[in-house]
Amino acid sequence: MTEETHNAPVEPNAVEEPLDLVRLSLDERIYVKLRGDRELRGKLHAYDGHLNMVLGEVEETITVVEINEETYEEVIRTVKRTSEMLFVRGDGVILVSPPVRTN
Amino acid sequence: LFYSFFKTLIGQQVTVELKNDLAITGILTSVDQFLNIKLDEIRAVDDAKYPHMMAVKNCFIRGSVVRYVQLPASAVDTALLQDAARREAQQPTTGGAH
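What counts, and at which threshold
- Residues numbered from 1 in each chain as written.
- Chains lettered and ligands numbered in written order.
- Predicted model: local features only at pLDDT ≥ 70, side-chain atom pairs only at ≥ 80, totals over all residues.
- Heavy atoms only, no water.
- Helix = DSSP H or I, 4+ residues; strand = E, 2+ residues; numbered from the N terminus.
- Buried < 20%, exposed > 50% of the residue type's maximum accessible area, 1.4 Å probe, protein only.
- Contact = heavy atoms within 4.5 Å.
- Areas by Shrake-Rupley, 256 points an atom, 1.4 Å probe, with all protein chains shown as cover.
- Phe/Tyr/Trp six-rings, centres within 6.5 Å; stacked < 30°, edge-to-face > 60°.
- Lys NZ or Arg CZ within 6 Å of the ring centre and 35° of its normal.
- Pairing = 2+ DSSP bridges.
- Salt bridge = Lys/Arg side-chain N within 4 Å of Asp/Glu carboxyl O.
- Axes fitted to C-alpha atoms, helices over the stretch in contact; angles between N-to-C directions.

Visitor: Kindly report on the overall build of chain A, identifying the contributing residues and their values.
Guide: Looking only at helices and strands, chain A has 1 helix and 5 strands in total. In sequence order, chain A lays out its α and β elements as α-β-β-β-β-β. Residues classed as buried in chain A amount to 33% of the 103 residues present. Restricting to contacts in chain A with at least 6 residues of sequence separation, those with at least 24 account for 45%. Of the roughly 7200 Å² of accessible surface on chain A, a fraction of 49% belongs to carbon and sulfur atoms.

Visitor: For the packing of aromatic side chains, give the residues involved together with the corresponding values.
Guide: This structure, assessed with the given rule, holds 4 aromatic pairs over all chains. Seen from their ring centres, B:Phe2 and B:Phe5 are 6.2 Å apart, and the 85 degrees between their planes marks the pair as edge-to-face. Placement of both B:Phe2 and B:Phe5 in helix α1 (residues 2-8) is noted, with a separation of 3 residues, approximately one turn of the helix. Side by side, B:Phe2 and B:Phe5 carry an identical accessibility label, which is buried. Members of the aromatic cluster, connected to one another through ring pairs, are A:Phe87, B:Phe2, B:Phe5 and B:Phe6. The side chain of B:Lys7 reaches across the aromatic face of B:Tyr3, ending 4.4 Å from its centre.

Visitor: Go over the pairing of strand β4 (residues 73-88) of chain A, please, and point to the residues and values.
Guide: All names here are of chain A. As paired elements, strand β3 (residues 53-68) and β4 share 15 bridges and run antiparallel to each other. Across the sheet, residue Glu59 finds its bridge partner in β4, namely Thr82. Hairpin connection of β3 to β4: 4 residues between the antiparallel strands, including Tyr72 at a positive phi of 60 degrees.

Visitor: Describe the pattern of salt bridges, naming the residues involved and giving the relevant values.
Guide: Residues and elements named next belong to chain A. Tallied over the full model, the rule gives 14 salt bridges over all chains. The residue Glu57 makes a salt bridge to Arg29 at a minimum N-O spacing of 3.6 Å. Residue Glu57 is found in strand β3, and its partner Arg29 is found in strand β1 (residues 29-34); the two are separated by 28 residues along the sequence. Overall, Glu57 belongs to the exposed group, its relative accessible area being 56%.

Visitor: Which residues make up the sheet that holds β4(A), and what are the values?
Guide: Within the open sheet, the 10 strands sit side by side as β5(A)-β1(A)-β2(A)-β3(A)-β4(A)-β5(B)-β1(B)-β2(B)-β3(B)-β4(B). Their pairing is antiparallel. Each of the sheet's edge strands pairs with one partner strand only, and the pair in question is β5 (93-97) of chain A together with β4 (59-61) of chain B. Within this sheet the neighbouring strands show an average axis-to-axis angle of 40 degrees, counted without direction. When strand β2 (residues 38-47) of chain A meets β3(A), the two strands line up antiparallel, connected through 8 bridges.

See below:
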């Protein structure tokens, strides 16, 4: 019983998979959200199926919430760091997008 | 793809930032298919975050505990990398249906 229940694309270009959309962002600036309340903005030089990536000219933003126990206020701080070239391991990546712009 | 990429970086000084916030600088001596990393002549980037540094000169780091690897931009040919990544999408080197 060999039935084709899935319509696999015969031509690789006929259907776009999510990774094909990432491919369109190569050599473009992108925004990456990572685990641990971290965000990266940089130029995408390489990626693979695990979402391992190499980014150039990247700025990392770490969001830290500090709670003042006495006054019960939450202070939200961000820490920024930059690297000229960074390899990012895919298992920490949550999402990848063109830079978020406030239009 | 990234296995080959790291092989081209052997001999360079890199900084590996781990998931537990440790940052180690050293010379890349070896890498494998899991992106496990061996570093020589290691130094702690920030002494407070990395204890017991005196005892250790070389180390083996399991790939799965790496968060980032900071690289010198001069060691990277971005055009070549981008080209390789484009081809990787068509035909992934680790498994894949195409």
